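Chain residues, written in single-letter form:
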Amino acid sequence: AQCPDRVEPRRAAPVALGGAFLTMVQYYEVVAPAELGGAPVKDGKSLSSKLVGRLSIGTIVSEEERLGERMRLKKVSGSGPEGGWVSVGLMVQIDAASVQERRQVAPYQGRSMLAAAEAQVEQEGAASALASGRARGKDGAALVLVAVALLTQGLPDAALEASLEALTLLRGAGSKDGEASAMLLGAVARLAKDDTKQALRDALAALELFRAAGDRQMEASALSTIANIRLSLHDANAALSVAKEALAIFRELGDRQGEAAAELTVTDAYVAKDGADAARSAVASDKVAAHAARGDTANAARSLLAAAAVAASGSGAGLEEAERLAAEAVGKARSSGDRALLSDALVQASSIQILGGKVAGEALKLAQEALDVSLALCDTPRQAAALTALSRAELAKGDVGAAVERASEAEGRCGEDDLRGRARALQAMASARLAAGEARLAVEAVDAAVALCRQLGEKQAEADTLLVGVRAHSSQEGANAADSALTMAKDALAIYQLLGHRRGEAIAFQMIASMKLKAPGCVMEALTAAERARSTFLMLGDKRCQGLASHTVAQGNIMLGEFEFGLQTAMQAVVLARQSGDGFGEASALHTAAHAVLRMGRYPEALRVAQEVQALFKKLGAKDMQRVAEHMVAKIQEGIPSRGPGPRTYMQPHENAMLLGQESTPFEEHPTCVVWSVPVNSQLYIMYCLELLKLVDDLKTQASDTAILVTTQGVMARQLGQEMPATWLAVSASTVWALVRTVRLQAPRVEISTRGLPPRAS
């Protein structure tokens, strides 16, 4: 993996939550992908507006104004600009209770000049702090404040100038703390200006000064800055090592804001080193270990749930790992005594069980317990979430009526302001309606759920719902329904790609491939999409879905006339389906393989495969597909040519025939024998061999057992002089004999032999 070309310097300063606490305000937490470097904030609602800065992951903001997917924010806590416009898709909505809980956590109070300047900028705002610092004149501490404010405003040139001036004054005054603070500020400013080599020298010098002073917080800050510089220098391994060292110090000190900033840098380093998938998994596991070491079982459970969500999305260890993490989260939630957290963990564990295709009974049990817990808490939103999970579990069990009933009950429990719960209930309702054969009602539920997800800015929920809509539209007749299904699939694909959700991306590609196969002239597009899905499922270790994608690839190749490759991929799909326990997928892929064998003219083999397909569908109770297989068997039996016994092939020397007074050829005419006797003295030996291979390849697909007799006549069986393969006309008999031997080894079913005849034979 490549390091990002530009890594924004990040270091969270201690921040307090100021201002009145209003429960009607909408709060959001930044969850931007680490590879974006945080959520970009613009000075206008347009995406082309000037970049003000970036909000680090974990920053809390409040909504000031909302225009579609763009929101004007006011920062509540964390690192980044005080205000501006940001994309809602890079954040998740949180409730006021979560903000209140964080408000009660006292920020870490640093003792360095730089920490004090950062705290002042955080409390007063960049503009006010800048004016205050400039009003104090040529004072080292004031210039440090000015530099911090200028960096916050995105003015690295002016910030560098102020930090250099502060460095001169503070060094002259003998202030080691001030000197180190100014030097670290200069390193951050130089990094923003892409002067990475000098930035690294300044940061290393600042690190030594802070270590000498015993300032652990600023030591960690310097290490975090060095890690960002190493990333800019494309040294991901060194960046990761340094960032982990900084993170350990912040955790030791209890500096939660510094810890959040260091976690972001660690994530960036993992992204540059191993990719985004490995980064999310590694960071989530690290957070679980950190909370467990503190004895914080509640937050350990929350981190486990986050790690389970990462694994379930197709990143990290896959669905089996997600199930393990969710089960562990449930156990820790029980130990913590937090009943609300336990309800959330049970719901997520139930959803992962269903996603993994496990027995529905376990998912049903988990969802029912979640409902019991939420009823005891009188928590209506969590009751709705539990009922939604119950609806999905009932549907997985095959009880469509109960699934519809539970989804309807879940929607009824959602209050007017519980838009998220209503969206999830509508999605479950759409799936249940679709299973009940009510495609029109399913589409209506999907449309309502998608609108709510867009209003909430929940991208993944929107994409998941769009996939339900794809299935609903695909079950309807007409060109408009097909177009709507394809549009929804492409929209879902774009969202999954933005979020880095590999499993969702692969499922969307598979759906697009299936639809393109049915559209005229779109086979190549279908093959491209199916191959993308197949490779992704292979990386995720999902054999069942990999088998489905391989089946689609096989169908596309057969439609293009590539029967051999179509047969290979169809048999791969059969093996994958068998290994994953997907009986219907196995029978369907074998049915496609039978078509490929039939198109290749191998009727007996096609008959055997078709009969096996018929038996599989009968065992599964799929009567419609069983009838299709029976019809195929009958058609193959009609097409198999009848054959009776014929005369045996034999050789007779020409001289013997003359003694008998007969004019005869050495071989008797025989419909199942081909004599290869091309004039071997008149062409290049390599052309002779290639033509023979082509003949063998053509004849081995015939229905009858065709014998091939290869003759060599008037050619050499030993080398004479120096061979020049490019221009040699006389074919070497040993070459032909070796080729025949290879064919007999590689294709034992082909009856092939060779004979060397004298020059006078005809």
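In this report, we go over the structure that sits alongside the text. Note that this is a predicted model, so its numbers are computed, not measured. (Residues numbered from 1 in each chain as written. Predicted model: local features only at pLDDT ≥ 70, side-chain atom pairs only at ≥ 80, totals over all residues. Heavy atoms only, no water.)

This part takes up the side chain of T196. Following the sequence through the fold, T196 ends up in helix α7 (residues 196-213). For T196, a relative accessible area of 14% gives the class buried. Setting aside anything within four residues of it in sequence, one finds T196 in contact with L191, I229, S232 and L233. (Helix = DSSP H or I, 4+ residues; strand = E, 2+ residues; numbered from the N terminus. Buried < 20%, exposed > 50% of the residue type's maximum accessible area, 1.4 Å probe, protein only. Contact = heavy atoms within 4.5 Å.)

The next point concerns helix α3 (residues 126-135). Listed as buried for α3 are A126, A129, L130 and G133. What you see down the axis of α3 is that its buried residues fit within an arc of 105°, all on one side. Across α3 from its buried face, at more than 90 degrees, point the exposed residues A127 and A135. In this structure, the buried residues of α3 make contact with α2 (113-124) and α4 (140-152). One or two steps after α3, the chain reaches G137, where phi turns positive at roughly 80°. (Arc of directions from axis to C-beta.)

In a packed pair of helices, the relevant descriptors are the angle between the two axes and the axis-to-axis distance. Between helix α16 (residues 380-397) and helix α18 (residues 419-435), the least distance of the axes is 9 Å, while the angle of their chain directions is 20°. Overall, the two elements α16 and α18 adopt an arrangement that is roughly parallel. Considering how the two elements wind past one another, α16 and α18 form a crossing that is left-handed. Taken together, the residues of α18 that come into contact with α16 (itself represented by T388, S391, R392 and L395) are R424, A425, Q427, A428, S431, A432 and A435. In terms of residue class, the contact of α16 with α18 is built from five nonpolar, four polar and two charged. (Axes fitted to C-alpha atoms, helices over the stretch in contact; angles between N-to-C directions. Parallel < 35°, antiparallel > 145°, perpendicular 65-115°, else oblique. Left-handed = near helix turned anticlockwise from the far one by under 90°. Nonpolar A, V, L, I, M, F, W, Y, C, P; charged D, E, K, R; others polar.)

Where strand β1 (residues 27-30) meets strand β4 (residues 60-67), three bridges bridge the pair, whose relative direction is antiparallel. Counted as the bridge partner of Y28 is V61 from β4. As paired strands, β4 and strand β5 (residues 70-77) are joined by seven bridges and run antiparallel to one another. Bridged to V61 within β5 is K75. (Pairing = 2+ DSSP bridges.)

Here we take up unusual backbone geometry. The phi dihedral of D194 falls on the positive side, at around 70°, and the residue is not glycine. Relative to the elements of secondary structure, D194 occurs in the loop between α6 (176-192) and α7. Non-glycine residue C378 carries a positive phi angle of around 55°.

This structure, assessed with the given rule, holds 35 salt bridges. Its salt-bridge partner being E208, residue R211 comes within 3.9 Å of it at the nearest N-O pair. Placement of both R211 and E208 in helix α7 is noted, with a separation of three residues, approximately one turn of the helix. The partner of D582 in a salt bridge is R544, with the nearest N and O atoms 3.9 Å apart. Of this pair, D582 sits in the loop between α25 (563-580) and α26 (583-599) while R544 sits in helix α24 (residues 543-559), and the two are 38 residues apart along the sequence. A relative accessible area of 14% means that D582 is categorised as buried. For R544, a relative accessible area of 42% translates into the label partly exposed. Each of E208, R211, R216, E219, E245 and E252 takes part in one network of salt bridges that share partners. (Salt bridge = Lys/Arg side-chain N within 4 Å of Asp/Glu carboxyl O.)

A separate point is the nonpolar core. Counting 62 residues, the largest nonpolar core has L114, V121, V144, L184, F210 and V266 as its most contacted members. In terms of residue count, the dominant contributor to this core is helix α9 (residues 236-253) (nine residues). Excluding its chain neighbours within four sequence positions, the residues that come into contact with V266 are L240, A243, K244, L247 and V283. Core analysis: the next-biggest nonpolar cluster, separate from the first, contains 39 residues, A489, Y496, M515 and L527 among them. (Core = buried A, V, L, I, M, F, W, Y, C linked by side-chain atoms within 4.5 Å.)

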